[in-house]
Amino acid sequence: MTGTGHPVALITGGGTGVGAASALQLAKRGYNVAINYSRSQAEAEETAAAARACGVDAVAVKGTVAEDADCRRMVGQAVARWGRIDALINSAGTTQFAALADLEKQNAEDFLRVYGVNVIGVYQMVRAAEPYLRKSDNGAVVNISSIAGVNGNGSSIAYIASKGALNTLTLTLARLLSPEVRVNVVLPGLIDTRWLPAGLGSETFETVKQNFANSSALGAVCSADDIADAATFLVCDALKMTGQFLTVDAGFMLGRPAKVSK
């Protein structure tokens, strides 16, 4: 067992994107980090190395959050290494890119696959980590959701519905795990990472990104670091916040001011 004096965070989907950015930010705040990945081993190992360069311990752990045995094993690995878990960031997510207007584009199996990661996986991770989070003097869970769960628009109907379910799950867990553990959720808008270009194609993504920025009050889109800023705040600083939805969307939901001609 090493580094037990540091608080410990387990980050799912931690090899890339928001998860990786969150792992690095927490490492800079003095957290040992367990970085979960399902496929991105090289990236997860790079993130772990970058975290160790911050003066803490870090390890990459493989697992699929849709599999309960994997969730329990990953928690066990973190506890075996450090003896504690203080924070859990559920950043792992999946979707199926499917046109919303065509209801035939998705079936029950598609919904089950998306829900398996985006909703059931979060529940399983929290359940596995609960005993250790309750023992912490700053137990915190942060779920990474999406504005899709509140505005009904996104990459697929299954994805939208899963994020709405995740938001509701957050409320339930925040109530049930109190007072020892705080549970909050971040609702990002469009994030400029490799995930959307891979699903939409680079040209389509650039069009979508520009349209999003043009519709946002701040005239921009978010980076992975922007979302990680919010997640880190909820873990480290928001000591009296629980059951809250923190929207980080460059003002997309707010919108641009109306143009009034004189």
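Scroll up to find the structure.
Quantities reported herein were computed from a predicted structural model and do not represent experimental measurements.

A. Expanded view of the packing of aromatic side chains. Taken as a whole and judged by the stated rule, the model has 2 aromatic pairs. With 6.4 Å between their ring centres and 25 degrees between their planes, Phe 111 and Tyr 115 make a pair best called stacked. Linking Phe 111 with Tyr 115, this pair stays in helix α4 (residues 108–135), spanning 4 residues, or about one helical turn. Judged by relative accessible area, which is 28%, Phe 111 ranks as partly exposed. With 4.2 Å between their ring centres and 10 degrees between their planes, Phe 212 and Phe 252 make a pair best called stacked.

B. Structural view of the pairing of strand β4 (residues 87–90). Of the two faces of β4, the one holding Ala 87 and Ile 89 and the one holding Leu 88 and Asn 90 are both buried throughout. Direction of pairing for β4 relative to strand β5 (residues 139–144): parallel, over a ladder of 4 bridges. The residue bridging Asn 90 from the neighbouring strand is Asn 143, located in β5. For the crossover that starts at β4, traverses α4 and ends in the parallel β5, the hand is right-handed.

C. Inspection of the pattern of salt bridges at higher detail. Scanning the model with the defined rule gives 10 salt bridges in all. Measuring nitrogen to oxygen at the nearest pair gives 2.8 Å for the salt bridge that ties Arg 81 to Asp 57. Taken together, the residues Arg 81 in helix α3 (residues 68–82) and Asp 57 in the loop between α2 (41–52) and β3 (58–62) connect sequence positions 24 residues apart. Note that Arg 84 and Asp 86 form a salt bridge whose closest N and O atoms lie 2.8 Å from each other. Salt bridges sharing common partners tie together Asp 68, Arg 72 and Arg 127.

D. Region of interest: the nonpolar core. Leu 26 and Val 33 are the most contacted members of the largest nonpolar core, which totals 34 residues. Within the residue set of this core, elements represented by two or more residues are β1 (8–12), α1 (17–28), β2 (32–37), α2, β3, β4, β5 and α9 (224–236). Apart from residues lying up to four places away in sequence, Val 33 is in contact with Ala 9, Ile 11, Ala 23, Leu 26, Ala 27, Ala 51, Asp 57, Ala 58, Val 59 and Trp 82. Membership of the second largest hydrophobic core comes to 31 residues, among which are Leu 10, Cys 71, Val 122 and Ala 129.

Conventions and cut-offs
Counting starts from 1 at the beginning of each chain's written sequence and moves along it residue by residue. Restriction of local features to residues with pLDDT of at least 70 applies here, the model being predicted, together with a cutoff of 80 or more for giving and counting side-chain atom pairs; totals for whole chains, interfaces and linings are based on all residues. Note that the side-chain values use all heavy atoms of the structure and ignore hydrogens as well as water. Between the rings of Phe, Tyr and Trp (Trp by its six-membered ring), a pair exists once the centres lie within 6.5 Å; its type follows the angle of the planes, with under 30 degrees stacked, over 60 edge-to-face, and the other angles tilted. Where helices and strands are cited, they refer to DSSP runs of H or I of at least four residues and of E of at least two residues respectively, numbered from the N terminus. Remark: exposure states derive from per-residue accessible area (1.4 Å probe, protein chains only) relative to the maximum for the residue type, with buried under 20%, exposed over 50%, and partly exposed in between. When DSSP locates at least two bridges between a pair of strands, those strands are taken to pair. Note on handedness: a clockwise path from strand one over the helix to strand two, with the strands aimed away from the viewer, defines a right-handed crossover. For salt bridges, the criterion is a side-chain nitrogen of Lys or Arg within 4 Å of an Asp or Glu carboxyl oxygen. What we call a nonpolar core is a set of buried Ala, Val, Leu, Ile, Met, Phe, Trp, Tyr and Cys residues that are connected through their side-chain atoms within 4.5 Å. In what follows, residue pairs with any heavy atoms lying within 4.5 Å of each other are defined as contacts.

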